[in-house]
Amino acid sequence: MNAPLVLVSHALCPYVQRAAIVLHEKGVPFERRDVDLADKPDWFLRVSPLGKTPVLLAGGEPIFESAVICEYLDETVAPRLHPLDPLRRARHRGWMEFGSALLNAIAVFYNAPDEAALLRAAADIHRRFRQVEEVLHAPPYFDGAHFCIVDAVFAPVFRYLDVFERIGDFGMLAGLTRVEAWRAALALRPSVRAAASPHYPELLAAFLARRGSALSSRMEE
Ligand SMILES: N[C@@H](CCC(=O)N[C@@H](CS)C(=O)NCC(=O)O)C(=O)O
C-alpha cells in the first residue's frame, strides 16, 4: 500500500475511531480530513454514498463503512488483527456487529425524551454489557493478549461511558468486573488514546447538552 491514506472523519464519530485505531495498530501513516456532517460538502457526498463518516480514501479509491474499512486494512497491512481461524473470525465479526448495536442503544440513551426513557435505555445498555461479560474470559483484551478488531470497536463505546459517568451514575457496568477490566486495558492502549482528540470529552459533553433530551436536562442541574 504505497499511496497516502486519507481518513474522512468527524471529531465525535465512534465509527471513525475504529478505523483510526486499526490504522494506528498497523503503523500506517494517514491524514484525517474532517467534514461538517451538518453541511456536507459535495466532494464528501461523491465519496460517501450513504453520506456518513468514516470513508477511507486508499490511493484515491473511497471505501465506506467502518467494518469494511477495518477488514480491508486487516487484509492488506500486517499485523493481522482478526483471528486466523475462520470460526473464531466469524465470532469476532458477530461481536463487531454487537458493538454497532450497542452504539445504537447509546444513541437511544442520550436522546431519551424523559427520565423514564433514560433509565430504561440505561438498563438496556447494562443488559447488553452483561452479555459481553459472559464472553470475556481471557484478559486483557477481548480475545486474550492479542489486540483485535473487536477491541477497536468497543474502545469508542467506552469513551461514551467516561462522559456519561461525569453526568450521573447510570449503573451501565454495575457488577461487571471483566468488562471494567477490559475497558481499563483499552483506555491505556496508545492506538485508542490517539484515535480521538484530547478535547473529545468536552466536545461530546457539548453535543450531549444540545440534544434537548433528559440527559441534557440533567447536565443543566
Ligand atoms: N454503519 C456506518 C455508520 C457510520 C455513521 O453512522 N456515521 C455517522 C457519524 S458517527 C454519520 O456520518 N452520520 C451522518 C448522517 O447520517 O447523515 C459505519 O459503520 O461506518
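Scroll up a little and you will see the structure.
An account of the accompanying structure is given in this report.

What counts and how
- Residues numbered from 1 in each chain as written.
- Predicted model: local features only at pLDDT ≥ 70, side-chain atom pairs only at ≥ 80, totals over all residues.
- Heavy atoms only, no water.
- 1 Å grid on protein atoms, 1.4 Å probe; cavity = no way out; pocket = protein on both sides within 12 Å on 5 of 7 lines; lining within 4 Å.
- Points joined across faces, edges and corners; volume = space filled by probe spheres on them.
- Helix = DSSP H or I, 4+ residues; strand = E, 2+ residues; numbered from the N terminus.
- Nonpolar A, V, L, I, M, F, W, Y, C, P; charged D, E, K, R; others polar.
- Domains from an automatic or database assignment.
- Buried < 20%, exposed > 50% of the residue type's maximum accessible area, 1.4 Å probe, protein only.
- Contact = heavy atoms within 4.5 Å.

The method is simple in principle: a probe with the dimensions of a water molecule rolls over the atoms, and the space it marks as empty is what remains. If you add up the space inside the largest pocket, you get close to 750 Å³. Taken together, 30 residues line the largest pocket, and the ones lying closest to its centre are Cys-13, Pro-14, Tyr-15, Lys-52 and Thr-53. Residue assignment for the lining of the largest pocket shows that the elements contributing at least two residues are α1 (14–25), α3 (66–76), α4 (86–111) and α9 (200–209). A per-element tally of the lining of the largest pocket places α4 first, with nine residues. Residues that form the lining of the largest pocket fall into these classes: 17 nonpolar, six polar and seven charged. Each of domain 1 (5–76) and domain 2 (86–220) gives at least three residues to the lining of the largest pocket. Its boundaries defined by the atoms lining it, the second largest pocket holds a volume of some 320 Å³. What lines the second largest pocket is a set of 17 residues, and nearest its centre among them are Arg-159, Asp-162, Ala-187, Val-192 and Arg-193. Considering every element that reaches the lining of the second largest pocket, the biggest residue donor is helix α6 (residues 149–167), with six residues. Grouping the amino acids of the lining of the second largest pocket by side-chain chemistry returns eleven nonpolar, one polar and five charged.

The omega torsion across Thr-53 and Pro-54 is 5 degrees, close enough to zero to call that bond cis. Inspection of the secondary structure assignment puts Pro-54 in the loop between α2 (42–47) and β3 (55–58). Here the phi dihedral of Glu-65 falls at roughly 80 degrees; this positive angle occurs in a residue that is not glycine. Mapped onto the fold, Glu-65 is located in the loop between β4 (61–64) and α3.

Before going further, it helps to spend a moment on the environment of Pro-41. As for its placement among the helices and strands, Pro-41 is situated in the loop between β2 (30–34) and α2. For Pro-41, a relative accessible area of 23% puts it in the partly exposed group. Along the primary structure Pro-41 and His-24 are separated by 17 residues, whereas in three dimensions their C-alpha atoms are 27 Å apart. With residues near it in sequence (within four places) discarded, Pro-41 still touches Val-35 and Asp-36.

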